[in-house]
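Here is how the chains run, residue by residue.
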Amino acid sequence: MEKSIESIEKPIVIDKKSLIVDWQSTPLVRTANSEFGFFSKKDIVITCPLKQGWRLPWDNIDYEDLYDMKYSVTINPDPQCGWMTSCNDLKLHNNRLKSFLRECKKEKAFKNIILVYEYGKNGKEYGKVHYHILLSSNKINKFTEMAISHFGSNNKTRWRNTVVKKPISLDRNVSADATDGIKVENYHSQIDRILKYFKKESQNRHKCLYTNMVKK
């Protein structure tokens, strides 16, 4: 008979070599022994749902649904956030971003996403980390609310600068009676222009920061 949790006096030591890595699962950790509040060596699964698309080369992106993107979003983390200790600490910001993306995945706040990070005109040493995003979502308000909760401060008047979202639309010079072909071509050109902008800083020329659109 197995000992109950009360009868275990020494902490359980887990052999790291026995851990199973599953990059595709949604939860961060899964166990079959939640009844007792501890993990067996065989049942631990460490997961990273963002791993596959993190720092993915542009050539490895599946562009099949690219032109279904609906929004261009910029996230400017507020320096008054409680978690922020430095405006240009990339690791700090990306850890926060990963937490945000995991929550978005759980809430199904986006269908497809491509994003990059920038330091801005002042560069890596003096700049401010922020994110540019192409997004396909039927829950854009939910996405925005979650972005503000992760990257905004308690000052509501600053929220409009924390998350800036713009629907992707046709150029104004495209007339309402233009053919469908012209409209489609113009819409595609809007997205192509955004992607070109994404690649302007050196760290983004060969890789995006994250996308879920990965070639199979």
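Caption draft 1: Just the nonpolar core, in detail. The biggest cluster of nonpolar side chains holds 30 residues, and the ones touching the most others in it are Phe100 and Phe143. When contributions to this core are tallied by element, the ones reaching two or more residues are β4 (71–75), α1 (90–107), β5 (112–118), β6 (130–136) and α3 (140–151). With six residues, α3 is the largest single contributor of residues to this core. Look past the residues within four positions of Phe143 in its chain and what remains in contact with it is Val73, Phe100, Cys104, Ala109, Phe110, Ile113, Ile133 and Leu135. Counting residues in each nonpolar core, the second largest holds 17 residues, with Ile168, Ile194, Cys208 and Val214 among its members.

Caption draft 2: Expanded view of the packing of aromatic side chains. Scanning the model with the defined rule gives six aromatic pairs in all. Ring centres 6.3 Å apart and planes at 40 degrees place the aromatic pair Trp54 and Tyr210 in the tilted group. Of the two residues, Trp54 sits in the loop between β3 (45–47) and β4 while Tyr210 sits in strand β8 (residues 210–211), which places them 156 residues apart along the sequence. Looking at Tyr210, the relative accessible area reads 1%, which means it is buried. Ring geometry for Tyr117 against Tyr119: centres 5.8 Å apart, planes inclined by 85 degrees, an arrangement best described as edge-to-face. Of the residues examined, Tyr117 reaches a relative accessible area of 9% and is grouped as buried. Residue class for Tyr119 comes out buried when judged on its relative accessible area of 8%. Directly above the aromatic system of Trp54 lies the positively charged group of Lys98, at a separation of 4.6 Å from the ring centroid. A cation over a ring is seen here: Lys199 above Trp58, with NZ or CZ 4.8 Å from the ring centre.

Caption draft 3: Here's a closer look at the pairing of β4. Counting buried positions along β4 yields four of five residues, so the element is predominantly enclosed. Bridge count between β4 and β6: five bridges; the pairing is antiparallel. Across the sheet, Thr74 pairs through a bridge with His132, a residue of β6. Examined bridge by bridge, β4 and strand β7 (residues 163–167) share five bridges and lie antiparallel to one another. The partner of Thr74 across the bridge, within β7, is Val164.

Caption draft 4: Region of interest: unusual backbone geometry. One non-glycine residue with positive phi stands out, namely Arg55, at about 50 degrees. When you line up the elements, Arg55 lands in the loop between β3 and β4. Phi at Lys108 takes a positive value of approximately 55 degrees, unusual for a residue other than glycine. Here Lys108 is to be found in the loop between α1 and β5. Since its relative accessible area comes to 63%, Lys108 is described here as exposed.

Caption draft 5: Representation of the side chain of His130 in the model. Relative to the assigned elements, His130 resides in strand β6. A polar atom in the side chain of His130 sits 2.9 Å from the backbone oxygen of Lys128. Among all residues touching His130, those that are not within four sequence positions of it are Ile75, Asn76, Pro77, Val116, Tyr117, Glu118, Tyr119 and Gly120.

About the thresholds
Residues numbered from 1 in each chain as written. Predicted model: local features only at pLDDT ≥ 70, side-chain atom pairs only at ≥ 80, totals over all residues. Heavy atoms only, no water. Core = buried A, V, L, I, M, F, W, Y, C linked by side-chain atoms within 4.5 Å. Buried < 20%, exposed > 50% of the residue type's maximum accessible area, 1.4 Å probe, protein only. Helix = DSSP H or I, 4+ residues; strand = E, 2+ residues; numbered from the N terminus. Contact = heavy atoms within 4.5 Å. Phe/Tyr/Trp six-rings, centres within 6.5 Å; stacked < 30°, edge-to-face > 60°. Lys NZ or Arg CZ within 6 Å of the ring centre and 35° of its normal. Pairing = 2+ DSSP bridges. Polar contact = N/O pair within 3.5 Å; in protein donor to acceptor, adjacent residues only side chain to side chain.

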